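Topology and contacts: notes
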Amino acid sequence: MSEDVRLVAWVRGHVQGVGFRWFTRAKALEIGGLSGFALNLADGRVQVVAEGPREGCEGLLDWLQGIDTPGRVDGVTEIWDTPRGGYDGFAIR
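In the nomenclature of an unreviewed UniProt entry, the protein chain is known as acylphosphatase of Streptomyces lavenduligriseus. UniProt, in the comment section headed Sequence similarities (unreviewed entry), describes the protein chain in these words: "Belongs to the acylphosphatase family." Per UniProt, the protein chain carries the Catalytic activity (unreviewed entry) text "an acyl phosphate + H2O = a carboxylate + phosphate + H(+)".

Encoded structure:
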């Protein structure tokens, strides 16, 4: 059985105004088993918080760092932690 984790990622680049949060939510739902949110930050980054099985969170991080995202990702900074819970599905904020 996979351990549950919390991924917090900050995505830099041209990631606002291109549907990035919507596609991130769609990818999280496609992976399945993930809860959390995607949020535009005032400095132009998108913050992504995902909780669920480690494999699912790693898959979402791989997608965030890959070439299939909308816009242009210049870099992703991530932190791994223990899940905190309290999310109902995967939301766009």
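Brief notes about the nonpolar core
Among the nonpolar cores identified, the biggest contains 19 residues, and Val11, Val48, Leu60 and Leu64 are the most heavily contacted of them. Secondary-structure elements contributing two or more residues to this core are strand S1 (4-14), helix H1 (20-31), strand S3 (46-53) and helix H2 (54-65). Broken down by element, the residue count for this core peaks at five residues, all from H2. With residues near it in sequence (within four places) discarded, Val11 still touches Phe20, Arg45, Val46, Val48, Leu64, Val73, Gly75 and Val76. Counting residues in each nonpolar core, the second largest holds five residues, with Val8, Trp10, Phe37 and Leu41 among its members.

A word on the pairing of S3
Among the eight residues that make up S3, seven are buried, leaving the element largely enclosed by the rest of the structure. Examined bridge by bridge, S1 and S3 share eight bridges and lie antiparallel to one another. Bridge pairing in S3 links Val8 to Val49. When strand S2 (residues 35-40) meets S3, the two strands line up antiparallel, connected through six bridges. For Gly36, the partnering residue across the bridge sits in S3 and is Ala50. Counting the residues in the hairpin turn of S2 and S3 gives five residues, including Gly44, whose phi is positive at 95 degrees.

So, how was this worked out
Residues numbered from 1 in each chain as written. Predicted model: local features only at pLDDT ≥ 70, side-chain atom pairs only at ≥ 80, totals over all residues. Heavy atoms only, no water. UniProt positions renumbered as here; feature names shortened; annotations may be inferred. Core = buried A, V, L, I, M, F, W, Y, C linked by side-chain atoms within 4.5 Å. Buried < 20%, exposed > 50% of the residue type's maximum accessible area, 1.4 Å probe, protein only. Helix = DSSP H or I, 4+ residues; strand = E, 2+ residues; numbered from the N terminus. Contact = heavy atoms within 4.5 Å. Pairing = 2+ DSSP bridges.

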